[in-house]
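A closer look at the structure
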Amino acid sequence: MKRLINVLIVNGSPKGEYSLTLQHSLYMLGQEDAVNSKVIQAGEVLSSIIFDKAWLESAISDIEWSDAIILTTPVYTMLVPWQLMRFFELIKDAGKSDVFFGKYATSMMTCFHYYDHLAENWLRAKSEDLGMSYLEGRTADNTDMLGKDNRASMRFFMHEFLETCRNKSVVERRFMPLKETKSPEFKPSRVTEPVSSKSAAQGASLKTVLLTDEYRKDGNLSAMIDVFIDAYPHPVEVVDINDFPYEAGCHGYLRCELVGECDRKDGFQDFYVNLVNSCDVLLFGMNTQDRFLKPIWKLFLDRTFSNGHRTSMMGKHTAYLVAGPLRSLPDVRQFLEGKSNVGRENAIGIISDEYEHSAQLECLLRETAESLSKAALAKYQKSVNFLGVGGIKLFRDLIYSMRGVVPDDNRFYRKNKLYDFPQKDIARQIFNLGMGFLFKFKFIRVGAYERMPALYIKLHKHIVNSGKP
Ligand SMILES: Cc1cc2nc3c(=O)[nH]c(=O)nc-3n(C[C@H](O)[C@H](O)[C@H](O)COP(=O)(O)O)c2cc1C
């Protein structure tokens, strides 16, 4: 007879019972026997800044009760929602993180596959850090579950997960435990000039805003910011993101997309849109915490979704100052690079504080501040790599397929010529039609092969040889 096991679904979706992701976990568990199951609505309960403390205690007892946990979550802003991060943080603050130890965990995510790999990496790393055995989860879009074949794979997946738990099988560990390293203390040599004394008289002025989670405190980040601002030749407005009176995290009901306004009434949407629309350069001062940035960043970034898929920093310039072990957190770097690549925000530097000698870091900060100013004034556009090209195409297809219900995004995509589908390129279509016919003949293919190297660069060579700009 099968051993009865207790399975806890931790739902990170703020939509609670209405969560699409939850339907996947409920379906898979509902197909299994010898299982006791419970659901805790972490995303929904922890959305408001003020939450029910008694709920947290009962959630901790539910974790204690369980043999296995299914982390059920949508992907929000390339990771899990702030609410789910907060769930783990609150348990840590209560001194109860050991409640997870020795359990089996997996994840069920729904999303549009935009950076879902970073979300799963985070879930796996978090689970492994807490001493759980994590089995690779599943990620689905909004229609996958409707397919019969997909449901068969979902059932197989859940069955295997539960068997692994029943048999207490050994599973792969993928992430090294995080080392307790501290960056060297940053002691810049020069006394910095107060921000307000800088005038725009030193040439064309760029409206520059710095968003930070730490300012004028004792940490390295505050010192990095001071040096950067000192070397940067334009006035900088500093905004501490801790000071915004957030009512709650993003609700996920998409009132912003459908109606055009955020359903939270704390004024964040106006605050953010005014800020990015009015600035030329955006600076970020960020502290890391555990395997990501400080959780306040997740709250902040999830709420920026109220601007829909309109890449608000497109063509502008940014730089990121990061205090913490960025070299040991490649996913945090990828998060920042992906965000800036997809947003076409021209990140001129992502600088951490991990330098042995303060003088080195000071030089780097000062030089980056100058480079940023030069690049922004020259309207220099960085090239976009796979992280950006892939992300942009994914959004293009998504917005196009939903254009009837996301009119603001649709307008933005049209206006900025982001619907660059290859099938709309008539000249290329005609070329392919003709070549498709001609390539049926081998001698044409051989001829093309012989002429291809020179033909491929003919126009480029012409530009090179003309000597013109
Ligand atoms: C604030 C917000 C951010 C999102 N960010 C992402 C994302 O980065 N990548 C992605 O693929 N989908 C993203 N989505 C889409 C959700 O992951 C998707 O709609 C999911 O199926 C919702 O699941 P739920 O109904 O369980 O909450 C986002 C949705 C919201 C509301």
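Going by the structure above, here's the rest.
Residues numbered from 1 in each chain as written. Predicted model: local features only at pLDDT ≥ 70, side-chain atom pairs only at ≥ 80, totals over all residues.

Describing the site of the ligand
Basically, it comes down to this: Any residue whose C-beta atom, as set from the backbone, lies within 6 Å of a molecule or strand is reported as near that molecule or strand. Put simply, DSSP marks the helices as runs of H or I at least four residues long and the strands as runs of E at least two long, and each gets a number from the N terminus on. Think of it as three bins: nonpolar holds Ala, Val, Leu, Ile, Met, Phe, Trp, Tyr, Cys and Pro, charged holds Asp, Glu, Lys and Arg, and polar takes everything else, Gly as well. Here the bounds of each domain stem from an automatic or database domain assignment.
Around the ligand there are 23 residues in total, and Ser-13, Ser-19, Thr-21, Pro-74 and Cys-111 lie nearest to it. A per-element tally of the shell around the ligand places helix 1 (residues 20–30) first, with three residues. Of the residues belonging to the shell around the ligand, the class tally is 12 nonpolar, eight polar and three charged. Taken together, domain 1 (5–166) and domain 2 (195–386) each give at least three residues to the shell around the ligand, which thus spans both.

Looking at the nonpolar core
Selection criterion: We call a set of buried Ala, Val, Leu, Ile, Met, Phe, Trp, Tyr and Cys residues a nonpolar core when their C-beta atoms link them within 7 Å. Buried means a residue has 20 or more other C-beta atoms within 10 Å of its own C-beta, exposed means 12 or fewer, and partly exposed covers the counts in between; C-beta atoms are placed from the backbone. Contacts here follow a simple rule: the backbone-placed C-beta atoms of the two residues must lie within 7 Å.
Counting 89 residues, the largest nonpolar core has Ala-119, Met-224, Phe-228 and Leu-321 as the members making the most contacts within it. When residues of this core are assigned to domains, at least three map to each of domain 1 (5–166) and domain 2 (195–386). The contacts of Leu-321, once residues within four sequence positions are left out, are Leu-221, Met-224, Ile-225, Phe-228, Phe-284, Gly-285 and Ile-351.

Let's talk about the packing of helix 7 (residues 220–231) against helix 12 (residues 358–377)
Inclusion rule: Axis definition: a line fit to C-alpha positions, over the contact stretch in the case of helices; interaxial angles, taken between N-to-C directions, run 0 to 180 degrees. Note on angle classes: values under 35 degrees are labelled roughly parallel, values over 145 roughly antiparallel, values of 65 to 115 roughly perpendicular, and the remainder oblique. Note on convention: near helix rotated counterclockwise from far helix by under a right angle means a left-handed crossing. Clockwise means right-handed.
At their nearest, the axes of helix 7 and helix 12 sit 8 Å apart, and the two run at 45° to each other. As judged from the angle between their axes, helix 7 and helix 12 are oblique. For the pair helix 7 and helix 12, the sense of crossing is right-handed. Taking contact as the criterion, the partners of Met-224, Val-227, Phe-228 and Ala-231 in helix 7 are, on helix 12, Glu-362, Leu-365, Arg-366, Ala-369 and Glu-370. Grouping the constituent residues of the contact of helix 7 with helix 12 by class yields six nonpolar, no polar and three charged.

Some points on the packing of helix 1 against helix 6 (residues 148–166)
A pair of packed helices is captured by two measures, namely the crossing angle of their axes and the spacing between those axes. Two elements in contact, helix 1 and helix 6, have axes whose closest approach is 9 Å; the angle formed by their N-to-C orientations is 70°. For the element pair helix 1 / helix 6, the angle class is roughly perpendicular. You can see that helix 1 and helix 6 cross each other, and the crossing is right-handed. When helix 1 is examined against helix 6, the residues His-24, Tyr-27, Met-28 and Leu-29 are found in contact with a partner set consisting of Met-154, Arg-155 and Met-158. Looking at the contact of helix 1 with helix 6 residue by residue, the class counts come to five nonpolar, one polar and one charged.

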